[in-house]
Structures are given as structure tokens and as C-alpha cells.
Amino acid sequence: MTKVAIMGYGVVGSGLIELIDKNREKNDNEVVITSILVRNKEKHKNCSHYEVITTDSEELFSKESDIVIEVMGGIHPAYEYVKRALTLKKHVITANKDLIATFGQELFNIAKENSVSLKFEAAVAGGIPIIKALTESLCGNKVNAIKAILNGTTNFILTKMGSEKLSYDEALKEAQKLGFAEANPEADVEGYDAARKLAILSSLAFDKSFKWEDININGITEIDSNDFKYAKKFNCKIKLVAEAVKCRNKIYTSVKPVLVDEDSILAKIDNEVNGVILNGDEIGELIFIGKGAGKLPTGSSVYSDLNDIINCRFSDIGSFNKEKAEMINYAHKTCNSILRIRTSDKDEVVSRCRDIFNNIKIIDKSLKDEVVLYIECTSEAYVQKFIETIKDEIYYKGCKKLIFI
Ligand code: HSE
């Protein structure tokens, strides 16, 4: 018999509990839920296991448990609870990317000191078993690059805005209704959630520690219907892509909306689906695609961690404790882009661009105080430098850059 205490009975918690109940017959080892911590007990009146639901964390810790599962989300008090559980020598499973990306190093050390496992398959890419792939299946490889769609909410919003012409607000509301978005969707739409997940994957892939805040992050809040119109002209879709690429002894990391060819793999990953494209030195390219958010896909990953611990497949993750990765913000590779430059002098901007870039094309000059250009350039750093240079001109009002990858 394995005794389990669960913190949180929201989207992920209810998916997990459904899977525990559904898989009872399959498992020789009976899973007994001894306690479930919630904020409001009344809300769960009609839920299964109501008799063990509590609003008191002390009550949860007073009940016997071998494994504590944290699916409440947020940093506090999840951090304090996880730390306490590990110190009490309980295995911990968490779906919390914020927690792992921010306090991974400390928590894995505590787990090691107490000879218990801290597992987190559900923290990245929902139902895709990407943590297991990186920590176990690919251990004979050196990973060179990760290119991924890691946030279901923003992928859902971009899909709905692009194909169904929904407004940003309408699409976000639908994502919230379906349980994909974070309690505060700022983390989704500003790209922080994807950056945290990228930092976790990068640590495991490159065996170094990554601070998610050091990643070059751009969200999707500035994307409007015209961007989709311009993307379409080039047979492209807009996707929020997270990338980590080895460049000699440094790692280029970025989370930003980019233009992807309609025929590419990334373009075919729509709605809340996530995708991770890995490049390993021995295996070559590997592609993982699956639901990245939602009750049962995420519950499925938490359940798999539970099953591992029940079957004594423990893990000891050391990457978060390794030397800090040296990160760079711009890749040294061809950077063709659409630049939407807001300006009071469109002709001057076009002329400046002609002087700087090899090839430019005017896409749209009909908008008030804005000129839209296609430019070809040998490096993103160079494009960025150009933007920095014209920032001081009095005719400059702002610039949006969408890169083709
Ligand atoms: N808000 C997250 C997403 C949930 O949309 O991907 C899964 O981590």
C-alpha cells in the first residue's frame, strides 16, 4: 500500500485523482489518498475523496503519507510545503514549473540529503514525457539544440487569432475557461511560463544551471491581426517559440513570437498542443508532440511519476546544481524579419533600412505612422543594433520585430 497526500484539487489535481481511481485495478500496490489540501472545502462537496479533504496543511502533514504530491501551483506556500515534505523524508511529485525553475537547486539538494526523490514530469510540456526522455532515454547523447512550443495557452490564443480571427481577449478567455491558463495569465502571455520551462529543459539537456530570468523573453501581448495578415503573405504562421542552442561554450536562449513556415512541424502544432524538437549528437533530431496543458494530459504525467516511485524507480537530478550556463541573447545566424516601425517619417526609415540591410521590401506603407518592411540580415544582433540606433531619432516611435525561423 502506498499512502499519498495531495496538495491542490484544481485542474491538475482533479485529473490526477481521476487517473488514480481509474487505474486502481491495474496496480497491485494499492494507492490510498490520505489527505487532500484545498483552499475552499465547500467547492469540492461533490468531488470524490471528500472525506479526506482539508483546508489545514497541519492536518495534511499529520496524516501518514509516503509521497506528497504538490499540484497547487504558485511559489508560496508550495515552496515551504515541498521543503517540509522532503525534510520529512517523503518523496515529492510536483507539477510546478515556477517552483522547479526558481528553487530547483535547493530542493534537489534537500531531496538528496534526505535520500528521497523529487519528480516533476508534469512541470514541462504537460502530457509529453520530456523529462524522462532527457534524464533517462537520451543519457548517451549530448543535446545541441532545443526548439519548442512550451505554453499551451499562448499557442491556443495564436491559433484562434490566426485561424478563427478571434480577438486576443476572446481567445484568452476561452483558454482560461478550458483550464489551460495560469491563475494569473500574465505568466503565459508574457512568455515567463515558457521561459521557466525552457530553463528546466536546458538544465537537463546541457547539464548546467540556468536562471530563467536571464533568457531573452518576449510575449504575445503585442501581436495583432495585421501581424497574421503579413505572416500569411509569406505563407507563415506565428508561434511563441522557445529555443536553446549550443554556440561553442555558450548557449543562445530565447522565447519570442516568430514566423514559421506553414509547412514546418512547428506550424502544425496548434491549440494547446506543445512540441519539443531536440537535437542530440548521436540520435539526431527527435520530435515530441502532445497536449501541453489541461486536466488529464497533465494528470497523466503526474501519475507516471507516482507510478515510478511506487515501483522504486527513483531519481537524483544533479543538473540544477552545476555551474551556471553562459547565455547569449542573439544567435549568430541569418535573421530575415518583418519590421513594423512606427514613425512620423516613413521615407526616412525606409532609406535608413536600405543603407543598412542587403535586401529590403516594403510590405505595407498604408498605415498611419507605421511602415512595415521585410529585411534580410546576417545576424539578429545586427538587426537589434539597428533598432537601438534609430531609437534616438525624433521620428522614431517604436518597432516590432518578427523573425523567420
Ligand atoms: N499555463 C500553462 C500552459 C499550463 O498554458 O502551458 C501548463 O503548464
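Residues numbered from 1 in each chain as written. Predicted model: local features only at pLDDT ≥ 70, side-chain atom pairs only at ≥ 80, totals over all residues. Heavy atoms only, no water.

*Asks:* When you look at the packing of aromatic side chains in this model, what are you seeing that I'm missing?
*Replies:* The geometry of an aromatic ring pair is captured by two quantities: the separation of the ring centres and the angle between the planes. Evaluated as defined, the whole model comprises 13 aromatic pairs. Ring centres 5.5 Å apart and planes at 65° place the aromatic pair F156 and F180 in the edge-to-face group. Taken together, the residues F156 in helix α6 (residues 152-163) and F180 in the loop between α7 (168-177) and α8 (186-189) connect sequence positions 24 residues apart. On the basis of relative accessibility, which here comes to 4%, the residue F156 falls in the buried class. (Phe/Tyr/Trp six-rings, centres within 6.5 Å; stacked < 30°, edge-to-face > 60°. Helix = DSSP H or I, 4+ residues; strand = E, 2+ residues; numbered from the N terminus. Buried < 20%, exposed > 50% of the residue type's maximum accessible area, 1.4 Å probe, protein only.)

*Asks:* So what exactly am I meant to see when it comes to the pattern of salt bridges here?
*Replies:* Here the idea is simple: oppositely charged side chains can pair when their charged atoms come close. Evaluated as defined, the whole model comprises 36 salt bridges. As a salt-bridge pair, E64 and K3 come within 2.9 Å of each other at their nearest N and O atoms. Placement of E64 in the loop between α2 (57-62) and β4 (67-70) and of K3 in strand β1 (residues 2-7) is noted, with a sequence separation of 61 residues between them. By relative accessible area, E64 is classed as exposed at 57%. Note on K3: relative accessible area 22%, which makes it partly exposed. Each of D224, D227, R340, E370 and K400 takes part in a single network of salt bridges with overlapping partners. (Salt bridge = Lys/Arg side-chain N within 4 Å of Asp/Glu carboxyl O.)

*Asks:* Help me out: how do you make sense of the pairing of strand β10 (residues 250-261) in this one?
*Replies:* Look at any regular strand and the pattern is simple: side chains alternate between the two faces of the sheet. Burial analysis of β10 places 10 of its 12 residues in the buried class, which makes it a mostly covered element. As paired strands, strand β8 (residues 216-217) and β10 are joined by 2 bridges and run parallel to one another. Each bridged residue has a counterpart across the sheet, and for I217 the counterpart in β10 is V255. Sheet topology note: the strand β9 (residues 236-247)/β10 ladder contains 12 bridges and is antiparallel. Within β10, the residue paired with K237 across the bridge is V260. A loop of 2 residues connects β9 with β10, the two strands running antiparallel in sequence, and R248 in this loop sits at a positive phi of about 55°. Inspection of the sheet shows β10 paired to strand β17 (residues 396-404) by 2 bridges, in the parallel sense. Its bridge partner lying in β17, V258 is registered against I403. (Pairing = 2+ DSSP bridges.)

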